Amino acid sequence: MTKTFKKRSQKAGMPPGSLVHVGNHRDHKITLSLLEYDEKTFIQEDDVSVENCLKRIQTPLMTWIQVNGVYDPNVIASIGGRFHLHALILEDVLNTTQRAKLDTYQDQVFLVLRLLKYSEDTHELQDEQVSIVFGPNYLISFLESGNDFFLPIKERLRQGNNRLRIEKSDYLAYALLDWIVDQYFFVLEKVDADLDHLEEELLHSPIPATMKKIQSAKREMIFLRKSIWPMRDVVSRFQRLEPPLLSAANQIYLRDVYDHLIQTIDIIEGFRDVVAGLMDIYLSNINIRTNEIMKVLTIVSTIFVPLTFVTSLYGMNFEFMPELHKTWGYPAVLAVMFGLAGTMLIYFRSKKWI
Amino acid sequence: MTKTFKKRSQKAGMPPGSLVHVGNHRDHKITLSLLEYDEKTFIQEDDVSVENCLKRIQTPLMTWIQVNGVYDPNVIASIGGRFHLHALILEDVLNTTQRAKLDTYQDQVFLVLRLLKYSEDTHELQDEQVSIVFGPNYLISFLESGNDFFLPIKERLRQGNNRLRIEKSDYLAYALLDWIVDQYFFVLEKVDADLDHLEEELLHSPIPATMKKIQSAKREMIFLRKSIWPMRDVVSRFQRLEPPLLSAANQIYLRDVYDHLIQTIDIIEGFRDVVAGLMDIYLSNINIRTNEIMKVLTIVSTIFVPLTFVTSLYGMNFEFMPELHKTWGYPAVLAVMFGLAGTMLIYFRSKKWI
Amino acid sequence: MTKTFKKRSQKAGMPPGSLVHVGNHRDHKITLSLLEYDEKTFIQEDDVSVENCLKRIQTPLMTWIQVNGVYDPNVIASIGGRFHLHALILEDVLNTTQRAKLDTYQDQVFLVLRLLKYSEDTHELQDEQVSIVFGPNYLISFLESGNDFFLPIKERLRQGNNRLRIEKSDYLAYALLDWIVDQYFFVLEKVDADLDHLEEELLHSPIPATMKKIQSAKREMIFLRKSIWPMRDVVSRFQRLEPPLLSAANQIYLRDVYDHLIQTIDIIEGFRDVVAGLMDIYLSNINIRTNEIMKVLTIVSTIFVPLTFVTSLYGMNFEFMPELHKTWGYPAVLAVMFGLAGTMLIYFRSKKWI
Amino acid sequence: MTKTFKKRSQKAGMPPGSLVHVGNHRDHKITLSLLEYDEKTFIQEDDVSVENCLKRIQTPLMTWIQVNGVYDPNVIASIGGRFHLHALILEDVLNTTQRAKLDTYQDQVFLVLRLLKYSEDTHELQDEQVSIVFGPNYLISFLESGNDFFLPIKERLRQGNNRLRIEKSDYLAYALLDWIVDQYFFVLEKVDADLDHLEEELLHSPIPATMKKIQSAKREMIFLRKSIWPMRDVVSRFQRLEPPLLSAANQIYLRDVYDHLIQTIDIIEGFRDVVAGLMDIYLSNINIRTNEIMKVLTIVSTIFVPLTFVTSLYGMNFEFMPELHKTWGYPAVLAVMFGLAGTMLIYFRSKKWI
Amino acid sequence: MTKTFKKRSQKAGMPPGSLVHVGNHRDHKITLSLLEYDEKTFIQEDDVSVENCLKRIQTPLMTWIQVNGVYDPNVIASIGGRFHLHALILEDVLNTTQRAKLDTYQDQVFLVLRLLKYSEDTHELQDEQVSIVFGPNYLISFLESGNDFFLPIKERLRQGNNRLRIEKSDYLAYALLDWIVDQYFFVLEKVDADLDHLEEELLHSPIPATMKKIQSAKREMIFLRKSIWPMRDVVSRFQRLEPPLLSAANQIYLRDVYDHLIQTIDIIEGFRDVVAGLMDIYLSNINIRTNEIMKVLTIVSTIFVPLTFVTSLYGMNFEFMPELHKTWGYPAVLAVMFGLAGTMLIYFRSKKWI
C-alpha cells in the first residue's frame, strides 16, 4: 500500500544545518555528471570529481552538475562547501521527505521538487525528491536514485540548436521542472487505468477485498495530492521571481508549466470524486445483495410456511375430524395449497420481487 | 460515459513549443474561412489559402480568419509563422485538452475556450476546444471540428448595421465568447431534462442499473464544473484587460458575459445538489425495500409459526392426550388458532405494518 | 416542487442588448405609475403615459416611475430609449431569470433584486425580479407582476414628514431594497413553520412520501441560498458607492440592510442544517424500524421453532418410543415446552428486546 | 429544544429607525442605574431617572448608565433623544434578535453583544442581547432582562485601585466585553458535561429517544456557533479602532479578549466533531443490534429447522418405512440430531457468532 | 481518552492580569535554572534565586532563565515584576490552557507554544504549555512540568562552537521553537503506529469496542489539529518580525521551521483521512457481516422449509392417500427431496452464495 508518511524523527532535535540523510537508504555509488555549454560549445563528462566541478564554474560557460545519490552527508557537504550553499540547503537536500518548495538565498534559487513514479509490477506509486540549486551561470541537481532521469534534457542540450543552449540557468531549471511535471501525466494515466479496472471489478464481483483496494486507492489520491499540490506554490513563486534570478522573457514559460500543473490537479480532484463514487457503489451493492437474499428467504418462507401449516393441520390426531374420512379430502387440500402458492407467486410478481 | 480525462502523455517531455496534436484525431479536411469588414465593407471568402490570409492583414479592414480543424501541425505552424504567434500559442492550439485560459503576449491576446456539446442520441456531454488569438485589427479562431460553429455571428456581421461592424477585434472576441457561453444554457437545459427523467425513474423503479446512471450523472457534473469553472477566470481577466487590448467601452459587455457565466455555475451547483439528492433517495429506497420485504416475512412467519406449533402439538402420538378424544377438540383448536391469527393481525395493524 | 432553474435558452446567441422577454409570460396590462415629490410637494399619478414621464423628469422634483410588468419589449424599449438607459440594462430588465446584481453606468445605478414570495396554498416559494435604475433625481422600478408591491413605501412618501421626502433617489433606492429584504423575514418564518411541521410528521409517521418532502425542502434551501446570497454582494457594493451616486450620510443605512441580510443568510444556513438533520432522522428511522421488525420475527421464531421441534419429535411414528406410552408423557412435554418458552422470554428481556 | 430562530417579521417594512421591540416580552420594570467615577471619586445610584442621567454627563467624571430592560420603546427613545443616539442605534437596541456587531457613529461606538446563559433545569441554552454605546466619557449599556449581570464589574469599580478607575469608556467597554466572553467558558463547560452524559447514555442504552437528543445537541452547536462567531468580528473591529475611540494602550487588552474568543470557537468546533461522532456511534449501534438479532434468529433457525425436518420425516405415514419398525430407530435418530446440532454449534463458534 | 477541553472557568470574570493558575496542579518544587553566555563565556547555574537572575541581566552576556513549574502565582508575579513583564503575559503564563500565539510588547516578544507528549503506557497524547518571553539579550522560558525538556539545547550551548553562542535571544528562541516542532515528528510516528495497529485489528476482528477506539482516534486528530494549527500562525508571525526583535539573517531559519510545521500539518491531514477510512471500513464490515449471516439463514431455510413441507404432507391423516400404501412411496419421496435440495444448492452456487 502507498505509505503516506516517511519516518524522519531521527532528525529531530539536531541543530539546524545538521547533515543527516533521511529517507530510504540506497546503496548505489554516488556519481556526478557535468555538462558545460553555450550556444556553440558543448562538453559532457560523467563520473567527474567534485574538485573538477569547482574549477569548471570559473569558465564563462553555463555549467550543470548533476549528483546521482544523496545518501552520503560527506559528499553533499563537500559539494555544498565549495559552491557556498547555505547549511539549510544541504540539510534539505539530504532530507528526502520534504514537501516541494522554492527558497531564495540572495543570488541562488533552491528548489525541492517531487518526482512521481509508478511501478508496473505492484501498481504502486512512489515519489523521489529532486533538489535543484541554481545561480547566475550554474545549476546543480540532486537525484535520490542513481537513474539518470534527465537524460532526454541532456540529449536536447547535446543536439543544440534550441533555446536551451542560448538561455542560462533559469531556463534550464524551467526545462527540468517542465520535464518533471510532464511525467505526472504518464503516472496519472496509469492511475486512471487502475481506477477503471477497479470500477469494472466492483460492478462484477464486489467482494470484501475490494474494500481494501478502494481504501488503497483513496490513500493514493491523498499521496498524489500531497505530492503535487505544493508544486503549484513552487511554480507560482518561480514565476514571480525577478531578474537576474529569472529573465523576463522566460516568465511566460513558467506560466505554461503552471497551466499543466493545474491540469494535473484537476485530474486528481476528478479521481477523488471517482474513488468516492466507488465507495458509494460498494456500500450500496452490499445493501442490494442483502436485499436480494432477503427476497429469496421471504418468498420461500411465505409460500411454504402456510402450506406446512395446512398439512400439519391434517396431521393432528383428533378422533373427530370429518374431513379426514372423505375421499375428496386429500385432493381438496392439495388444490387449496396449489391455489395458495399461486396467489403468493402472483403477489410477489406484482411487487416485482420475482 | 462522459470521460473526465483525455490522454496527453504522448506530449510529455517534449521541448516547449513542440507542435504535436493531442486529442481525438479527426479526418475532415482543414479549411480556412476569411472575413474582412469595416462599417461599410464586408468580404467573406471560404476555403482561402494561408498565403492570401497574410496579404489581407495588411489591408486597413478588420480581418477574421477561422481555421476549421487543428490536427495538422504543419498547417498550424505555417499560420503561426506568418502571424508571428508565440511557439506556446501554437502548442496550445494543437493540444486540445487544455483548460480554458487567457494569456497575453504583448499586443496579442490568446484565449482557450471550452465549447460544450450535447449528443441527443447518447445523452452524453462532449466538449471541444476553441482557441482564439486576436491583435489590433485581426482575429484568428481555431475550431477542433469541421463544423462552422460561428455561423450566426458571421450572419450578423454580413447583415451589418450593428456594433460588430463598427468595433474592432476585442468586440468580435467578446461576441464569440458570448456565443459560446450562451450555448452552455442550451446544454444545461438538456442535462436538466435528463436529471428530471432520472429522478422520475428512480422514484418509480429503483433498480441497480439506476446506480450506474447516478454515478454517470455525477461524472457529468464533474465534467461540467471542470469545463466551465476556468471560464470564469478567463472572462474576469478579459474584463480587466486595458486599451489597446480592450477598449473601455467594451468592458461593460464582458461584465455581462461574466454574469451569465456565474448563472451557469449556479445552475451546475444546483445540479450537483440534485444528483447528491438522487443518491440519497436511491440508498434510502434500498433500505425501505428491505424493510418492506422483512415486514412480509415477519407477518407470515409470526402468524403461521405459532399456528403450526399448535397443530404439531396435536400431531404428537402420546397415548394419553385427553383432548384428542373429545368431539369439541378439533373445532376448539380451530377457534383458538383463528383467535391467535386475528390477534396478530390486529397487533400488526396497530404497528402500521399492514 | 420549487424549480431551481428557469429556461432561458431562447435568448442564447442573440446579439447583446437584444430585447427578448425571458420568464413566465404574464398577461396583465403593463401599467406605469408616477410619483413626484420634494419636502413640500407630493404628486401621485397612476396609469401615466411614457411621454408624460419624460416631461416630468425635467421638473426639479424627485421623480419615481414604477413599471408594473416587463413582458413587452416594445414598452421597455421606448422607456429605455427616452431615459437613455444602456442596451444591457434593458436586456436585463426583460430577462427575469437574473441573479441579483448592481451595475454602475456613469451617473446611473442599475440594481437587479430578487423578491421572495410564499404561496400559502401550495407551500411553495417563488421569486420575482425587481429591477431598479436610478440617476441623480429620478428612479425607475420594474416589477414582473402587476401587484403594486411597493404600496407601503408610497404611503410613507405620501404621509411625508420623514427622511424619504427630504432625500434623493439613493435613499429611495435604499428604502425599496430595505423593504424587499424585510420581506425575506416573512417568507423565512413561513419556511420555518413548514420545517417544524415536517419534523413533527417525520417523528410520528415516517413514510416514504416524507423522503420526497425532505428532498423538496432541500431544494427550497438551495433556491433560497441562490436568491439571497447574491443580494449580499449587491448591498455591499451599494454601500461602497460614492457621491453623487450615494450620499455619505446614507451609507450608514445600507450597513443596516447589510446586517439584516446577513441575518437572513444565518437563518438559511440554520435551515440547511435542520434539513440535513431531518434526512439523518429519516434514514436512522428506517433502520430502527427494520430492527424492530427483526426483533418480532426473531422472538416469535426463537420461541416456536424449538417448541415445534419438540412436538414434531413426538409426532414420529417409531414403534419403540417408550415416552409415548407413559401417562405423564404429555404433561411432561408440555412442562418442558413452557420452561423453554419462559427461558427464552427471560433471555429476550435481559437483552431489552421486549 | 434550543430554537435557532426568533420571530422578527412584525418589524418588516417599517421605516428605518422605527422603534418597535422585537423579542420575548418581559414584564419586569425598566430600571436605570448610574455610576460616576474617576480615580478618586466613585458615586453609584440605582433607580435614577433619565433626567438625572443627562445632567450627570456634563460633570467631568466618567459616567456609566445601565438600562435594565429594553421592551419599552418610549423609555429607549427618550434616553436616545437626550444622548443624541442615531435612530438606527435605538432600533437595534430594541430589536433583541440582532447578531453581534460593532458600528461606529462619528464619536460614538455601538456594540451589540450576545450573552450566553445555561439553564440548569432544562439543560437548555439561551442568549440575551447586551447593547453598549460609548462616547468619550460616558457608556450606556442596555440589558434585556432585569438581572444586573455586570455586578462584579461594578464591584471592581467600587473597590477602586485598579485600571478601571483610571481609564475611560473604551476600557470599561473592554471590561464588559471581557466579562461576557468569560461567561462563555462557564456555559461551554456545562455543554461539555451534557455531551459527556449523552455519550455515556449512548454507549449503554441507545434508544430512539437518543436520536432526538443528538439532534438537539446538534442544534445547540448551531446556536453556539451563530451566537459566538460574529463576536470574533466585533472584537477584531474593536481592536482596530483608533484614538480617540480606543486608546493605543488598551488595544493590547482587546487582543487578549480576541484570543479567548478564538479559544471558545475552537471548543465549539471540537463539540461539533463530538456530536458528529455521536451520530456515527448511534447509527452504527443500530446496525450492530440488527446484526446481533439476526445472529440469534439464524442460530436458532439453522439448528432447529433441519432437526424438525428429520422428525417430520419419520412422522410420515407411509406403510413401508422399514426404519420405523427397528428398535434402534428412535435412539439412532436422536443421535443423528444431536450430532447435527453439535456440528452447527461448532460452525457458529468458528465464525465467532457465539 | 484524549480530552479536548480543559476547564478554565474558575478564571472567568477576573480583572485582566489576574494571576490565577489554570491547569493541572503539579506538586513538584518550582526551580529556576540560569544560563549566561557569549561566544567565549558560558556559565550555567541550577536552582538560582529570582534575585540573582535580576542581577545577571545587567551583565553584557546573553541570559537564559528557565522556570520549571508555573503553578505558583507568587513566584511568577515576582519574576514578572522584576523583568517588567506586562500583566497579560504573566496571566497567560499561568493559564496553561492557551492556544499557541505570539504577541509583541514593545521590545519584548511573548510566545505561547504547545509541546506534544505521547504516553507509551496509555497510548494517549498530552500537551504542555511552554511560554517564552525574550528581549534584546535575555530569554525566559516557562515550563509547566519539572522535566528539563530543553536539556539538548543547553548541551549544544555548553559545547559551544556553533551559531547558538554567537547569536542573541532571537536565535535561541528559534532553537527552542525548532526543538518543539521536531518533537512533533516523534509523536506523529507513534500515532501512525497506533493507527496502523488499529487498522490491522479492524480488518481481522471488528468488534463494537473498535468503534470506541476509532472515535478515540478521531478525537486525537482533533486534539493534534487544535494544538498544531495555531503554531503555524505563530511561526509565520515570528518570521515577519523585524530587527531588533529578529535579525534579518535569522529569518531564513524560521522559514525552515515553518516548512517543518507544514509537513506535520500535512501528516495530520493524512491521518484524518485514514481515520475517516477506518470508520468506513468498520461500517461496511457490519453490513457485510449481516449479509453473511442472512445468507446462512436463507440457505438453510430455503432448503429445509420446502422439504419439511413435503414430509409434513405425507404426515397427514387422510384415509384416502394412495401414495402412502405404495412400496415405492417412501423412496420416491426421499428421491424427490434429494433432488429439490440439490437444485437449491446449485442455485445458491450460481449466485455465489456458497
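Quick caveat, the model's predicted, so the values are computed rather than measured.

Engineer: Would you explain unusual backbone geometry in this entry?
Structural biologist: For residues besides glycine, phi is generally negative; the peptide bonds are generally trans as well. With an omega dihedral of 5°, the bond running from P243 of chain B to P244 of chain B counts as a cis peptide bond. A positive phi is found at H84 of chain B, a non-glycine position, where the angle reads about 55°. Its location among the elements puts H84 of chain B in the loop between helix 2 (73-82) and helix 3 (87-94). On the basis of relative accessibility, which here comes to 67%, the residue H84 of chain B falls in the exposed class. At N161 of chain C, a position not held by glycine, the phi torsion is positive, near 60°. Along the chain, the position of N161 of chain C falls in the loop between helix 4 (151-159) and helix 5 (163-166).

Engineer: Would you mind showing me how to read the interface of chain A and chain B here?
Structural biologist: Size of an interface, as often reported, equals the accessible area lost when the parts are brought together. Counting residues at the interface gives 59 residues for chain A, matched by 63 residues for chain B. With both chains or domains summed, chain A and chain B bury close to 5,500 Å², and 63% of this area falls on carbon and sulfur atoms. The largest per-residue losses of area from chain A upon contact with chain B belong to E189, F309 and F318 of chain A, which jointly make up 12% of the total buried on that side. At the boundary of chain A and chain B, one finds six salt bridges. Put simply, chain A and chain B have 17 residue pairs in polar contact (both at pLDDT 80 or more) between them. Mapped onto the side of chain A that touches chain B, the elements with two or more residues apiece are helix 6 (169-204) and helix 8 (248-313) of chain A. In terms of residue count, the dominant contributor to the side of chain A that touches chain B is helix 8 of chain A (32 residues).

Engineer: Quick question: what am I supposed to make of the sheet that holds strand 7 (residues 138-143) of chain B here?
Structural biologist: Within a beta sheet, neighbouring strands are joined by backbone hydrogen bonds and run either parallel or antiparallel to one another. Residues and elements named next belong to chain B. Taken in spatial order, the seven strands of this open sheet run 2-1-3-7-6-5-4, and their pairing is mixed. At either end of the open sheet lies a strand with only one pairing partner, and these are strand 2 (42-46) and strand 4 (101-105). When the angles between neighbouring strand axes are averaged without regard to direction, this sheet yields 15°.

What counts, and at which threshold
- Residues numbered from 1 in each chain as written.
- Chains lettered and ligands numbered in written order.
- Predicted model: local features only at pLDDT ≥ 70, side-chain atom pairs only at ≥ 80, totals over all residues.
- Heavy atoms only, no water.
- Helix = DSSP H or I, 4+ residues; strand = E, 2+ residues; numbered from the N terminus.
- Buried < 20%, exposed > 50% of the residue type's maximum accessible area, 1.4 Å probe, protein only.
- Contact = heavy atoms within 4.5 Å.
- Buried area = accessible area lost by both parts, 1.4 Å probe.
- Salt bridge = Lys/Arg side-chain N within 4 Å of Asp/Glu carboxyl O.
- Polar contact = N/O pair within 3.5 Å; in protein donor to acceptor, adjacent residues only side chain to side chain.
- Pairing = 2+ DSSP bridges.
- Axes fitted to C-alpha atoms, helices over the stretch in contact; angles between N-to-C directions.

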